[in-house]
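An overview of the molecular structure
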Amino acid sequence: MSQTTARSRSQLLDSTCCLLTLLVLLFASIQLCGAATVVDVYRLIQYDLAGVPFGSRFSNLNHHAGSSIHSNDSDLSRTVLIFPIRDLDLDLIKDYVVKKRQLGGMLFLLPRVFRFGREGGSGGDEGQKDGVARSKLLDLERLLVHASLSSGLIGCWFVDVGFIDSGNCVGHIVSYGSRYPVYFAFEDENVEAILAEVKRSDASGQPATATNGGYKLVVSTTEPKKVVAPIITNIQGWLLGQKADEAITQLPTIAIAASYDTFGAAPALSTGSDSNGSGVVALLEIARLFSLLYSNPKTRGKYNLLFALTSGGPYNYNGTQKWLRGLDQRVHESIDYAICLNSIGSWDNELWIHVSKPPENAFVKQIFEGFSDAAGDLGFKVDLKHKKINISNPRVAWEHEQFSRLRITALTLSELSAAPLFLENFGALSDSRHFVQDSAITKSVKLVAESLAKHIYGHQGKNIQFFAENSSVAINPSYISSWLDLLSRISRVAPFLPKGDPFINALKRELEEHVVEVSAQHETLDGIFTFYDSTKAILTIYQVASVTFDLLLLLLLGSYLIVLFSFLVITTRGLDDLISLFRRPPSRKVKTA
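So, how was this worked out
- Residues numbered from 1 in each chain as written.
- Predicted model: local features only at pLDDT ≥ 70, side-chain atom pairs only at ≥ 80, totals over all residues.
- Heavy atoms only, no water.
- Axes fitted to C-alpha atoms, helices over the stretch in contact; angles between N-to-C directions.
- Helix = DSSP H or I, 4+ residues; strand = E, 2+ residues; numbered from the N terminus.
- Parallel < 35°, antiparallel > 145°, perpendicular 65-115°, else oblique.
- Left-handed = near helix turned anticlockwise from the far one by under 90°.
- Contact = heavy atoms within 4.5 Å.
- Nonpolar A, V, L, I, M, F, W, Y, C, P; charged D, E, K, R; others polar.
- Salt bridge = Lys/Arg side-chain N within 4 Å of Asp/Glu carboxyl O.
- Buried < 20%, exposed > 50% of the residue type's maximum accessible area, 1.4 Å probe, protein only.
- Polar contact = N/O pair within 3.5 Å; in protein donor to acceptor, adjacent residues only side chain to side chain.
- Patch = residues over 30% accessible without salt bridge, like charges linked within 9 Å, V, L, I, M, F, W, Y side chains within 5 Å.
- Areas by Shrake-Rupley, 256 points an atom, 1.4 Å probe, with all protein chains shown as cover.
- Phe/Tyr/Trp six-rings, centres within 6.5 Å; stacked < 30°, edge-to-face > 60°.
- Lys NZ or Arg CZ within 6 Å of the ring centre and 35° of its normal.
- Pairing = 2+ DSSP bridges.

Packing of helix α11 (residues 438–457) against helix α12 (residues 477–487) brings their axes to within 10 Å, and their N-to-C directions diverge by 120 degrees. The orientation of α11 with respect to α12, classified from their angle, is oblique. Handedness of the α11/α12 crossing: right-handed. In this structure, α11 contributes Asp-438, Ile-441, Thr-442 and Val-445 to the contact, and α12 contributes Ile-480, Ser-481 and Leu-484. For the contact of α11 with α12, the residue count by class is 4 nonpolar, 2 polar and 1 charged.

What follows covers the pattern of salt bridges. This model, assessed by the stated rule, comprises 16 salt bridges. Here Glu-285 ties to Arg-288 by a salt bridge, and the two come within 2.8 Å at their closest N and O atoms. Taken together, the residues span about one helical turn, with Glu-285 and Arg-288 both in helix α6 (residues 273–294) at a distance of 3 residues. The same class applies to Glu-285 as to Arg-288, namely buried. Taking the shortest distance from any N to any O, the salt bridge between Lys-322 and Asp-526 comes out at 3.1 Å. Linking Lys-322 in helix α7 (residues 318–326) with Asp-526 in the loop between β16 (516–524) and β17 (529–531), this pair joins segments that are 204 residues apart in sequence. Look at Lys-322 and you get buried, because its relative accessible area is 16%. Where salt bridges share partners, they join Arg-112, Glu-189 and Glu-192 into one cluster.

All right, on to the side chain of Ser-481 then. Mapped onto the secondary structure, Ser-481 falls in helix α12. With a relative accessible area of 17%, Ser-481 lands in the buried category. A polar atom in the side chain of Ser-481 sits 3.3 Å from the side chain of Asp-438. In this structure, Ser-481 is in contact with Arg-433 and Asp-438, ignoring residues within four places of it in sequence.

Looking now at the environment of Gly-264. With respect to the helices, strands and loops of the structure, Gly-264 is situated in the loop between β10 (253–259) and α6. You can call Gly-264 buried: its relative accessible area is 3%. Measuring from C-alpha to C-alpha, the distance between Gly-264 and Leu-138 comes to 10.0 Å, with 126 residues separating the pair along the chain. Setting aside residues no more than four positions away along its own chain, Gly-264 makes contact with Ile-45, Glu-141, Val-145, Ser-270, Gly-427 and Ala-428.

Among the surface-exposed residues, Leu-552, Leu-555 and Leu-556 lie close enough to one another that they form a single nonpolar patch of about 310 Å² accessible area. Mapped onto the elements, Leu-552 comes out in helix α14 (residues 547–573). Leu-552 gets classed as partly exposed once you look at its relative accessible area, which sits at 48%.

With that settled, consider the environment of Lys-100. Mapping Lys-100 onto the fold places it in the loop between α2 (90–98) and β6 (105–110). Note: C-alpha distance between Lys-100 and Arg-179 (79 residues apart in sequence) is 9.2 Å.

Once that is clear, we can look at the packing of aromatic side chains. For any pair of aromatic rings, the description consists of the separation of the ring centres together with the inter-plane angle of the planes. Throughout the structure, instances matching the rule amount to 19 aromatic pairs. A centroid spacing of 5.7 Å and a plane angle of 35 degrees characterise the contact between Phe-114 and Phe-435, whose relative ring orientation is tilted. With Phe-114 in the loop between β6 and α3 (124–145) and Phe-435 in the loop between β15 (410–414) and α11, the pair connects residues that are 321 residues apart, well separated along the chain. A network of ring pairs unites the aromatic residues Tyr-47, Phe-54, Phe-263, Tyr-315, Phe-422, Phe-529 and Phe-531 as a single cluster. The positively charged end of Arg-57 is found above the aromatic ring belonging to Tyr-532, 5.1 Å away from the centroid.

In space, the 8 strands of this open sheet follow the order β14-β13-β15-β12-β10-β11-β9-β16, with mixed pairing throughout. Each of the sheet's edge strands pairs with one partner strand only, and the pair in question is β14 (381–386) and β16. In this sheet, adjacent strand axes meet at a mean angle of 20 degrees when their direction is disregarded. Where strand β9 (residues 231–239) meets strand β11 (residues 304–310), 5 bridges bridge the pair, whose relative direction is antiparallel. Bridging from a neighbouring strand, Leu-239 pairs with Leu-305 of β11. Against the sheet, α11 makes contact with β10, β11, β12 (335–341), β13 (350–355), β14 and β15, and its axis sits at roughly 175 degrees relative to β12, the strand it touches most. In this fold helix α13 (residues 502–512) packs onto β9, β11 and β16, with an angle of close to 5 degrees to the strand it touches most, β9.

Interpretation in functional terms is not warranted from these geometric data alone.
Shown next as C-alpha cells:
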C-alpha cells in the first residue's frame, strides 16, 4: 500500500514538474521577438563649450518606432521617431527640440547619395532632389549642433562669448531640449520597408505601443565618456630655395596652409570632401608640382616654400595658432605672405580672396593682381573681400586671421563669399564627395600654382604658363581624384584622431614624397571644448507582437496545458484522483479537555 502511494505521489510530482516547465517556456516565448534588421547608426555629436552642454547626451535606445506626431498631446516619451531627410519637416523638428517636448529618441535617414565614396553630381530631377535634400540636411545640422538636448539654456548664448554676431543669432538657437538620443543612418531597402509599415500603422491610428505591437529600436552601447586631453597634430615640410646650402631663413618664405580636420553633426560621418578635403588635396598637388621645379637647380626659385597641414580648424584654427607660435622667430620674419586654402571644390566661375589687411595696402594689391591675372588667363575671375579682425574677440573665422594676428600678410582662397559662422562649413554631413567637382579643384590648383610661380620667378603680368597641359610639370587629375576619394571616406574630427592615427601618418608620408624636413607637431586642444565618445553604434530593429496577441496565445497554451495535465493525471491515477485535487480537504477538529 505504501509503495502504491509513493508511486502515485511520484507520478503526480512528475506531472506537476512537466506543467511548470511548460509554463516557464510559455512565458519565455511570449517575450521573444524577431530581429527584423541590423543597421549602423551614428550618434549626434556631444560636446561642452566652456562647460555648457550641447548635442545629444545619451546613447542607449529601447523604444517603439514611430513616423509622425499625431497631436500636440501625444505621449512620445517611449517612441523613436524616424525621419527621412528627403521628407523632413524642419519646423516640426524645431518644435520638439526648442519647446522641450518629450521623445524617446530620433533617427534621421540620410539619402544614399551622402554615403562615403559616392562621387559625381546627378543631373535633371535627381540632381534637383539631391540639392533639396542637401539643403534640408544643412538646416537640420545647424539646429542640432547648436542645441542642447539635456537642459534648458538661454538662447543665443554664443553671442555672449563672442562666437556669433548678434545679427546672426536667429539662425543659431541654443534650445531647451529633452534627454533623448539622436542618431543618423543611411537609407536601405530593409529600413525603408520597415518605415513603410510603421507609417501605415500610424496612419491607421494604431501607432506602435506595448499594446499594439510593431517595431522596437534597440541600441545597447556604453554611456558616453569624456575624451581626455584631445591631441591635435600639425604637419609641416619645406622646399628650400636656391640658397639651400645656407640657413633657410636667409631667403624669403611663402607659406601654403590648409586645415585637414572636420566637424559635423555626426563625428563618425564628418568627412568634409569640400571643407576641407579640397584644400588638403590642392596643397598636396601644389607641393608635388613645385617639388618637380625645385628638384632641378636650374629651376629652383629664390623663395623657400613652407607647407603646413594644420588641425583644430573648427575650433578657431587652434592648431594653426599653436603651429605659428612654435615656429622660430626668424621663420616668422622671413614669411613674405601666406596662402590658406579652404573649400575650393564646388564652384564654377568665381573664387574669393579673403584678407585682413586693407585692400589699399600696396602688397595686398600686388598679390591680388597676380591672382587676378592668372585667373583671367584661365577663364574665370577672383574677387577680393576684406574683413577686419578684432584682436579682443576669440572668434577666428578664417585661417589666415591667425597669421594676421602675428602681423604676417596672409589670405584665404575660397569659394565662400563670406566668413562661415561658428562651427559651420567644416565638413558637415551634407559635404559629401557627390557634390565636389574634380575640375574645380584642378582650376584652383592651377590658379595658385601659376600665380605663385610668376611671383617666385619674377614674371608677373606676363602671359606665361609654367604648368601647361601635357608638359612634364602638368597638373595630375588622377592624383587629385584619388586623394579626394580617400579623404571622402575618412572622418577627421580632431578629438577622435590620436597622434598615431593611420590617416595622419599617411598625410605625413605623402608630404615626405615631395618636400623635405617634414615634421609633426602634437599639441593639446585648448580646454574650452570638451568632447564625448560613443560616436557610432549598432541599431537592432525587432518586430514585436501586441499584448492582445500575447494574451490570446497565453490563453490557448494555458488551456492546452490544463487539458494535458488532466489527461496525465487520469491515465496515471484515475478520474477520482483528479477530482480529489479540487476538493477541500476535511477539517481536523482539535478536542479540548
